[in-house]
Amino acid sequence: MDNLMHLMDGFATVLSWYHITIMVIGVLLGVLVGVLPGLGAPNGVSLLLPLTFTMDPISAIILLSCMYWGALFGGSTTSILFNIPGEPSSVATTFDGYPMARDGQATRALTLAFISAGLGALAGVVMITLLSSWVAEFGLRFSSPEYFAVYFLAFASFIGMSSSAPSKTLVSLALGLVFATVGMDAVSGGLRLTFGIPDLVKGISFLVAVMGLFGIAELMVTTEEGLHFKGIKARIRPMDVLRTAAEMPRYAVALVRSILIGIWMGITPAGPTAASFMSHGIAKRFSKHPERFGKGEPSGIVSPEAADHSAGTSALLPMLALGVPGSATAAVMMGGLMIWGLTPGPMLFVERPDFVWGLIASMYLGNLVAVVLVLATVPLYASILRVPFAIIGPLIIAVIFTGVYQVANSTFDILLVLLFALLGYLFKKLDYPVAPLVLAMVLGDRAEEAFRQSMVFSDGSVAVFWSNPLVSTIMGLGVFMLAWPLVSKMIGLRAFRRRSAMKPEASQERPRQGAETPR
Amino acid sequence: MADKHVSRHSMEITTALLTGAIGVTVCIGAWQAGVGWEPSGPSSGYFPFYIGVLIVLASLVNLGRALIWKRHLDEVFLDGARARSVARFTLPLVGYAAVSVVLGLYVGTFLYMLFAMRLQGSYRWWVAASTGAAVSACFYLIFEIGFQVPLLKGPLEAWLGIY
């Protein structure tokens, strides 16, 4: 009940014309970055962040989080209309969304996607409302070793759950940790890894990294394909929207299942992309008509969308309550919190309840605003994609460059972003995941601090990470996550052998399905 | 595959060597900062040093995947046509960064839009130039006046007296 009281206070803070206007702006900008190729949610939030330095934290987080919701919706729009996922997490929506739109049911596909996305997000926020104080209270019992264990668990789950090779994920993650340590050492005040370059003393900003890795690199990959959009004309007819809304109860099972998957994958840092793929895969496996998937099956749209958005929203729970973001965008927002002078984690609930509950209340409203706005503006945004890429591409680059400069008014960053772009391009082309790098960059300082403090407690013995049941459990979970690729391979191999022994003819198709679902 | 191309296999090796080199550099830098134990706890190079070691080890595994397990042997990383379109996109971008550092972001943006639109879309000079000028002007209105955040300025702005 305490939570509900807090939530009401939050609504009181948020329900003002100023904040509603910020929400609308945030959602509209978010849909824009979601629709534009190469500009995703992490990048959009990074671009906007320097402009919020002078705002008060509540308005700033409303702007950024609404941009995030908008971007998630925008990504689905291009998936359905253009077969081009605006966000990695909306790739799974193209499987059935585009075929349905191509069959002349664009409105139905979009409405299905937006409503299930909205419901997914709503479920995520309800979960946050109910659980956040509890998780934060739990987090208050943590001291340095437990904190390090939580970071370790986050890093380990990235390595264990990633669809890339574990060694590649590890390289990406460790690079992020190292980039975070460049410059002044917060504990001793000494300089490190600056190699005599004065511009490195202030450190490497994660914002610059995000804009290079996600923004420029993504565009470089996009240009390779030689962009010409083959879009479907979208005109939203209110009658079709209502008719589609009426058929939603039919997909209730798929919806609930996908939301649960999404919430779980969002809290653990597997993220929205993994959640949407997994949800689509499971929907297909449990369907009575698996052959209809890929040809415009409604539950093939409902499932990935609901999972995507519930994961995206749930990713904010560990960020707020423990200071461990569940997705790349949440990581960028958490970096923003620290820049505004707030410390994400359990103490935030004690020190700034107005901020925490203002944000949670804004999530209810923001998603509602997003569903309505996105339905109203789809035709407008779809027309943006008809502007030739020779204009849009350079324009996005120009916006990114101004954003990079605004991070610290540094010309060095303009050159640095090029190096990150090169790294990002290589990583994207060679299946190195980029999100772990960003997450590690944001968490790096805190992880190191927790590690060093634990070491001080224990006089340099790593046994401190196994010294009580709580920390041992978290570390144990982490080790299990690290070992997961091996475990799943062994289970998969055994099942494969058994199956091929029983049914030789089925062995060709079956293992491929098995390889798809864990994603 | 008669066309000239860069193979993915060679790029896997290059990237593994690159990340490995970063790892070694990090270890050296951390070593200089001190990797031992001080009265106040581990010294500042301690944590980065071991992360550097992790990078080197993981890069070796990636190298091994390419060299020993022969992953991605016959895949294409970039072929001629794609390399050209990436170059058309990337070269103006590098020029943009270089020019902006010297002449400021407004002039840089104008020149970049101009050349990028010419190169990628073969637009006419006046179309590209006016788009570039419009974008620069918009940036001025949005950032300098709207949000009151200054962008990098160069000699032209100083000459015109805009600060």
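Residues numbered from 1 in each chain as written. Chains lettered and ligands numbered in written order. Predicted model: local features only at pLDDT ≥ 70, side-chain atom pairs only at ≥ 80, totals over all residues. Heavy atoms only, no water.

## Looking at the overall build of chain A
Our working definition: Every helix listed is a DSSP run of H or I at least four residues long, and every strand listed is a run of E at least two residues long, numbered separately from the N terminus. Relative accessibility decides the category of a residue: with a 1.4 Å probe and only protein chains considered, values under 20% of the type maximum give buried, values over 50% give exposed, and everything between is partly exposed. Should any heavy atoms of two residues lie within 4.5 Å, those residues are counted as being in contact. Each accessible area value is a Shrake-Rupley result obtained with a 1.4 Å probe; residue values ignore everything except the protein chains displayed when judging cover.
For chain A, the count of helices and strands is 21 helices and two strands. Principal-axis analysis of the C-alpha atoms gives chain A an extent of 65 × 60 × 55 Å. For chain A, with 519 residues in total, the buried portion stands at 62%. Considering only contacts within chain A whose residues lie at least 6 apart along the sequence, 79% involve residues at least 24 apart. Of the roughly 19700 Å² that chain A leaves accessible, carbon and sulfur atoms contribute 67%.

## Some remarks on the overall build of chain B
Stated formally: Within these notes, the globule rule equals 2.2 Å times the number of residues to the 0.38 power, and the radius of gyration is based on C-alpha atoms. In this charge count, Lys and Arg are treated as positive and Asp and Glu as negative; neither His nor the chain ends contribute. Positions of charges follow a simple convention, taking NZ of Lys, CZ of Arg, CG of Asp or CD of Glu.
The secondary structure content of chain B amounts to six helices and four strands. Counted from the first residue to the last, chain B has its helices and strands arranged as β-α-β-β-α-β-α-α-α-α. In summary, chain B has a C-alpha radius of gyration of 24 Å against a globular reference of 15 Å for 163 residues, an excess of more than 25%. By its C-alpha atoms, chain B is 60 × 55 × 25 Å across when sized along the principal axes. In chain B, buried positions account for 43% of the 163 residues. For chain B, the proportion of contacts with a sequence separation of at least 24, taken over those separated by at least 6, is 56%. Charge-centre separation for chain B: the mean point of 11 positive side chains lies 9 Å from the mean point of 8 negative side chains.

## Concerning the layout of surface pockets
One water molecule sets the probe size; rolling that probe over the atoms shows where empty space is left. Applied cut-off: Only protein atoms enter the calculation, which uses a 1 Å grid: trapped sets of points that fit a 1.4 Å probe without letting it out are cavities, open sets showing protein on both sides within 12 Å along at least five of seven lines are pockets, and any residue with an atom within 4 Å of a point is a lining residue. Grid points are joined across faces, edges and corners, and a volume is the space filled by probe spheres set on the points. All residues other than Ala, Val, Leu, Ile, Met, Phe, Trp, Tyr, Cys, Pro, Asp, Glu, Lys and Arg, Gly among them, are scored as polar; the first ten of these are nonpolar and the last four charged.
Of the pockets and cavities examined, the second largest pocket occupies roughly 810 Å³. Considering the residues around the second largest pocket, the lining is formed by 32 residues, among which Leu29(A), Leu32(A), Val399(A), Ile142(B) and Phe143(B) are closest to the centre. Looking at the lining of the second largest pocket, the elements with two or more residues in it are helix 2 (17-35), helix 3 (41-48), helix 4 (57-82) and helix 17 (389-408) of chain A together with helix 5 (125-147) of chain B. With eight residues, the top contributor of residues to the lining of the second largest pocket is helix 5 of chain B. Tallied by class, the residues present in the lining of the second largest pocket amount to 26 nonpolar, six polar and no charged.

## What to know about the environment of Ala376(A)
Within the secondary structure, Ala376(A) sits in helix 16 (residues 353-384). Ala376(A) sits 231 residues away from Pro145(A) along the chain, and the two C-alpha atoms are 50 Å apart.

## Some remarks on the packing of helix 5 (residues 91-140) of chain A against helix 9 (residues 238-247) of chain A
All names here are of chain A. To keep it simple, the criterion reads: Axes here refer to lines fitted to C-alpha atoms; in helices the fit is confined to the stretch in contact. Angles between the N-to-C directions go from 0 to 180 degrees. Orientation labels follow simple angle bins: below 35 degrees gives roughly parallel, above 145 gives roughly antiparallel, 65 to 115 gives roughly perpendicular, and whatever is left gives oblique. The hand of a helix crossing depends on one turn: near helix anticlockwise from the far one by less than a right angle means left-handed, and clockwise means right-handed.
One way to put it is that helix 5 packs onto helix 9 with a least axis distance of 9 Å and a crossing angle of 55 degrees. By the angle between their directions, the pair helix 5 and helix 9 is classed as oblique. Between helix 5 and helix 9 the crossing geometry is right-handed. Between helix 5 and helix 9, the residues in contact are Thr107, Arg108, Thr111, Leu112 and Ile115 and Asp240, Val241, Thr244, Ala245 and Glu247, respectively.

## Quick word on the pattern of salt bridges
One side chain can pair with another of opposite charge once the charged atoms of both are near each other. Test applied: Here, a salt bridge means any Lys or Arg side-chain nitrogen found within 4 Å of an Asp or Glu carboxyl oxygen.
Under the counting rule described, the total for this entry stands at 17 salt bridges over all chains. The structure contains a network of salt bridges with shared partners spanning Lys168(A), Asp431(A), Arg8(B), Glu12(B) and Glu75(B).

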